[in-house]
Structure formats: structure tokens, C-alpha cells
Amino acid sequence: MSEIKHNWTKEDILAIYNKPLMDLLFDAATIHRKHHDPNTVQVSTLLSIKTGGCPEDCGYCPQAARYHTDIEGNDLMTVQHVKAQALRAKSSGSSRVCMGAAWRNVKDGEEFDQVLEMVRTINKLDMEVCCTLGMITENQAHRLAEAGLYAYNHNLDSSEEYYKEVISTRGYEDRLETIDNVRKTNVTVCSGGIIGMGEKPEDRAGMLVALATLNPQPESVPINALVAVEGTPLEDQKPVSIWDMVRMVATTRIVMPETQVRLSAGRTEMSREGQAMCFFAGANSIFAGDKLLTTPNPDVSEDMEMFKLLGLNPQKPFIKKMQPETVEATDSKYQALGEKPKWTRPDHKIDRNEEAKQKAKVLK
Ligand code: SF4
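These numbers were taken from a predicted model, which means no experiment stands behind them.

### Topic: the overall build of the chain
Moving on, step 1. Each helix and strand in the chain was counted, giving 12 helices and 12 strands.
Moving on, step 2. Here the C-alpha atoms of the chain give a radius of gyration of 19 Å, agreeing with the 21 Å that 2.2 N^0.38 yields for 364 residues.
Moving on, step 3. Each principal axis of the C-alpha distribution contributes one length, and for the chain these read about 55 × 50 × 40 Å.
Moving on, step 4. Relative to its full complement of 364 residues, the chain shows a buried share of 49%.
Moving on, step 5. Expressed as a percentage of contacts within the chain between residues at least 6 apart in sequence, the contacts between residues at least 24 apart total 82%.

See below:
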């Protein structure tokens, strides 16, 4: 029987988050060592396969078309380009490629077929493949699984309450439904969030309740520190303190002992000492490469130097779960259904999102 606890409450989690730091670190490191090799860290490469022009209004995101930021948009990459990038990532120590497309949700058609081909291609390179493409239906999840997808990323971002302060174009329940659709396949779930968006510790705990009470818990939880980008509604947010990051990582480790906890955006702001403390507290995955979708990230060689300094080893692929088999498009059991799911569109007004949109109209 699994000893994983699923009935976490916000109070339980806040009590952990607010412990004296030395106690919190000790508890998290003890749990971490029981469930994982503390000197192994999984390295993922994030590839933006379709950048910018997104119709959503996520307050932290420079890819939202409605805000004025200086990112360069691009159409969907070719399969050959993605393959070349994946090979580069593999040769520099990455075991996973995560492909992100700035879409609200997946639509059946040529572009999705192209993404399925990318999944097949990378799985055949013996690398774990992850996608983050927005909301997906059960049939789309099955098609991704058949192509050989290892993980699907769909972040909850924050607590359900604070989510409404950041995004107005879709609902929290759609996030949970997408995760549920992924769970109907063999694809693993990657879901986490962002700290430093102006939320309270209660919201951080609320997000962890939403994730830790899922059964099974997500196999992977990215913890991002907001990178405040000029032109976005959250441009004026102060950088997250390393102490908040360490507390969040340690708490995530304690409430989700078997999960890979990923240090994601915001690592450029963290010292090596800070990152080492996060690894000690239970972080065992990072994103490598000089860009995280559109925001800066440490260079791979700097990360490898850090690994050497700390005696860390990159995790080999398919250690936690067997490599999925790839079914070719011609042999597929699942066809495009051309579904038009009614994903929620709450469209409540968020003042800072409205202001950023108005400002963008003047600047464009
Ligand atoms: S976070 Fe994703 S969904 Fe939200 S605006 Fe950015 S690309 Fe679009």
C-alpha cells in the first residue's frame, strides 16, 4: 500500500511552510533521501516550438498577444529543427525535451499532427518527451500517448483563489480537467506553479493542496520564481527571495515525496549557494539551456560546472518509468475527432491586466 498522504489541508501545509528553517530543511532532506538519490538531478531542455501571439491573458506571460513585450514570435517549428535541437540537448546531458506552444488549447489539424510527429521523433532518440500545449481533450491525450509522449505539463500556477487575480480567460477547473484527461493515459503529469506574483503564503499552500490531493500526485512539479517581464501586468513585482523559494521547494518535497520537484524559471537570479540549498531541500530537476521559453536561464556549461562542484549527476532517461512505445501515424487507433470542447471563459476583469492591455494599445 502506498504511504503517500493525499488528504492535505491548507493548514497542514502552512504549518510545514512556516516551520523554523533548519527544521524544515532537515525534514525535507530526510524525506528526499528516503525516496530519491540525493545526488542525482534530472535535466530537461525546454523548447519553445511556437512562440508568442497567444490569445490568453496570463498576467506573468510575455507571450500573450495583448501585452506589449519585446519577444519575437515564431510559427510552429519544423520537425527537423526540433530534432536538431533535441540532439543538441541530449549531447549536453539533458534526458528530457519539453516542447511548449503558446496555445490556449490544442486543435486537431495539421499543426497538432506536426507536434505528434515531433513527439515520435524525440522518443525515437531515446529521450523523455514532454509537451505543454494548453488544454487538451481525452482523445488528444490518447493521441499524444500513442506517439510516445512521456509527460504532459499543465501548471495550476497558484491557488484557485489567486488564479482569478492573474488570469481571466480560462478557469481553474479546465486545468484540472486537462490533468484528468492526461491521467486517462499512460502519460505522466507535470504540474506546478509560480511564486512571486503577489500571492500570500496561503495561496502557495492552496496550490500545493490542489496538487498533493490529486491521486496519484503529479510525477513532476515545477516551482517557478516569477521573472517579471516589462510590458506584462506583473512587470513591477519584486524578485522572490531565496528563502521563499527554499521554503516552497522543501514544502513541496514533504507533501509530495515521490515527485520530481523542478527548479524552473528564475534560476538566473539565484546564487549557486541558493540553488544548492534547494537541491538539499528536495529539488531534483532543473531546466537547462540559455532560454526558458522566452526568459533567460543559466547556460548549460554553467550548470554542468555547478553539478561538478556539488557532486551531482544528471539523471538518465526512463529511470522512473519505462520508455513508451511509439505508434506510427498510419497505425494509430485514435483519429482526429475535430472536437470543439467548451473550455471555460470567465472573462472577469483584472485591473492590472486591463491596464497592461491599454498600455500595449498605445505602444503598438
Ligand atoms: S502562459 Fe501559456 S497560455 Fe498563458 S499567455 Fe503565456 S503562452 Fe498563453
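Picking up after the structure, the text goes on.
### Considering the packing of helix H1 (residues 10–17) against helix H8 (residues 201–212)
Moving on, step 1. At a closest axis distance of 9 Å, the pairing of H1 and H8 adopts a crossing angle of 120°. When the axis of H1 is compared with that of H8, the two are oblique. The handedness of the crossing between H1 and H8 comes out as right-handed. Facing Lys-10, Ile-13, Leu-14 and Tyr-17 of H1, the residues of H8 in contact are Pro-201, Glu-202, Arg-204, Ala-205, Gly-206, Leu-208 and Val-209.
Moving on, step 2. Here the residues of the contact of H1 with H8 are counted per class, giving 7 nonpolar, 1 polar and 3 charged.

### As for the pairing of strand S7 (residues 220–225)
Moving on, step 1. When you tally the buried positions in S7, you get 6 out of 6 residues, the bulk of the element.
Moving on, step 2. Side chains Ser-220, Pro-222 and Asn-224 project from S7 onto one buried face, and the interleaved Val-221, Ile-223 and Ala-225 project onto a second face that is buried too.
Moving on, step 3. Sheet topology note: the strand S6 (residues 193–195)/S7 ladder contains 3 bridges and is parallel. In the strand pairing of S7, Gly-193 is matched with Ile-223.
Moving on, step 4. Regarding the hand of the β-α-β motif, the stretch spanning S6, H8 and S7 is right-handed.
Moving on, step 5. Bridging between S7 and strand S8 (residues 260–263) involves 4 bridges; their strand directions are parallel. From the neighbouring strand, Ser-220 faces S8, where its bridge partner is Gln-260.
Moving on, step 6. Between the parallel pair S7 and S8, the chain is carried across by helix H9 (residues 242–255), and the sense of this crossover is right-handed.

### Details of unusual backbone geometry
Moving on, step 1. For the bond from Asn-215 to Pro-216, the omega torsion is 0°, close enough to zero to count as cis.
Moving on, step 2. With respect to the helices and strands, Pro-216 occurs in the loop between H8 and S7.
Moving on, step 3. Phi at Asp-157 is positive, roughly 70°, even though this residue is not glycine.
Moving on, step 4. Of note, Asp-157 is situated in the loop between strand S4 (151–153) and helix H6 (160–163).
Moving on, step 5. Positive phi values are uncommon outside glycine, yet Phe-318 reaches one of about 60°.
Moving on, step 6. Since 15 C-beta atoms lie within 10 Å of it, Phe-318 is described here as partly exposed.

### What about the environment of Glu-146?
Moving on, step 1. Assignment of secondary structure puts Glu-146 in helix H5 (residues 138–147).
Moving on, step 2. C-beta crowding within 10 Å serves as the criterion here: with 23 such atoms nearby, Glu-146 is assigned to the buried category.
Moving on, step 3. Taking the C-alpha atoms as reference, Glu-146 lies 22 Å from Leu-176; in sequence the two are 30 residues apart.

### Considering the pairing of S8
Moving on, step 1. The alternating pattern of S8 places Gln-260 and Arg-262 and Val-261 and Leu-263 on opposite faces, both of which are buried.
Moving on, step 2. One ladder, built from 3 bridges, connects S8 with strand S9 (residues 283–288); its direction is parallel. The residue bridging Arg-262 from the neighbouring strand is Ser-285, located in S9.

### Side note on the nonpolar core
One broad trend across soluble globular proteins is that nonpolar side chains are buried collectively.
Moving on, step 1. Ranked by size, the top nonpolar core spans 97 residues in total, and within it Val-119, Leu-144, Leu-149, Tyr-152 and Val-249 carry the most contacts.
Moving on, step 2. Residues within four places of Val-249 in sequence aside, it is in contact with Ile-223, Val-261, Cys-278, Ala-281, Gly-282 and Ala-283.

### Describing helix H3 (residues 79–91)
Moving on, step 1. Along its 13 residues, H3 runs 18 Å from first to last C-alpha, staying within 8% of the 18 Å computed at 1.5 Å per residue.
Moving on, step 2. Along H3, the residues that are buried comprise Val-82, Ala-86 and Ala-89. Around the axis of H3, the buried residues are gathered within 60° of arc, so they sit on the same side. Summarising the geometry of H3, the exposed residues directed more than 90 degrees from the buried face are Gln-80, Ala-84 and Ser-91.
Moving on, step 3. A positive backbone phi angle near 105° is found at Gly-93, which sits one or two residues after H3.

### Focus: the packing of helix H4 (residues 110–123) against H5
Moving on, step 1. At a minimum axis distance of 8 Å, the contact between H4 and H5 shows a crossing angle of 30°. In terms of their interaxial angle, H4 and H5 are classed as roughly parallel. Listed contacts from H5 to Leu-116, Val-119 and Arg-120 of H4 are Arg-143, Leu-144 and Ala-147.
Moving on, step 2. A breakdown of the residues in the contact of H4 with H5 according to their chemical character gives 4 nonpolar, no polar and 2 charged.

Basis of the calculations
- Residues numbered from 1 in each chain as written.
- Predicted model: local features only at pLDDT ≥ 70, side-chain atom pairs only at ≥ 80, totals over all residues.
- Helix = DSSP H or I, 4+ residues; strand = E, 2+ residues; numbered from the N terminus.
- Rg over C-alpha atoms; globule rule 2.2 N^0.38 Å.
- Buried ≥ 20, exposed ≤ 12 C-beta atoms within 10 Å, placed from the backbone.
- Contact = placed C-beta atoms within 7 Å.
- Axes fitted to C-alpha atoms, helices over the stretch in contact; angles between N-to-C directions.
- Parallel < 35°, antiparallel > 145°, perpendicular 65-115°, else oblique.
- Left-handed = near helix turned anticlockwise from the far one by under 90°.
- Nonpolar A, V, L, I, M, F, W, Y, C, P; charged D, E, K, R; others polar.
- Pairing = 2+ DSSP bridges.
- Right-handed = clockwise from strand over helix to strand, strands pointing away.
- Core = buried A, V, L, I, M, F, W, Y, C linked by C-beta atoms within 7 Å.
- Expected span 1.5 Å × (residues − 1).
- Arc of directions from axis to C-beta.

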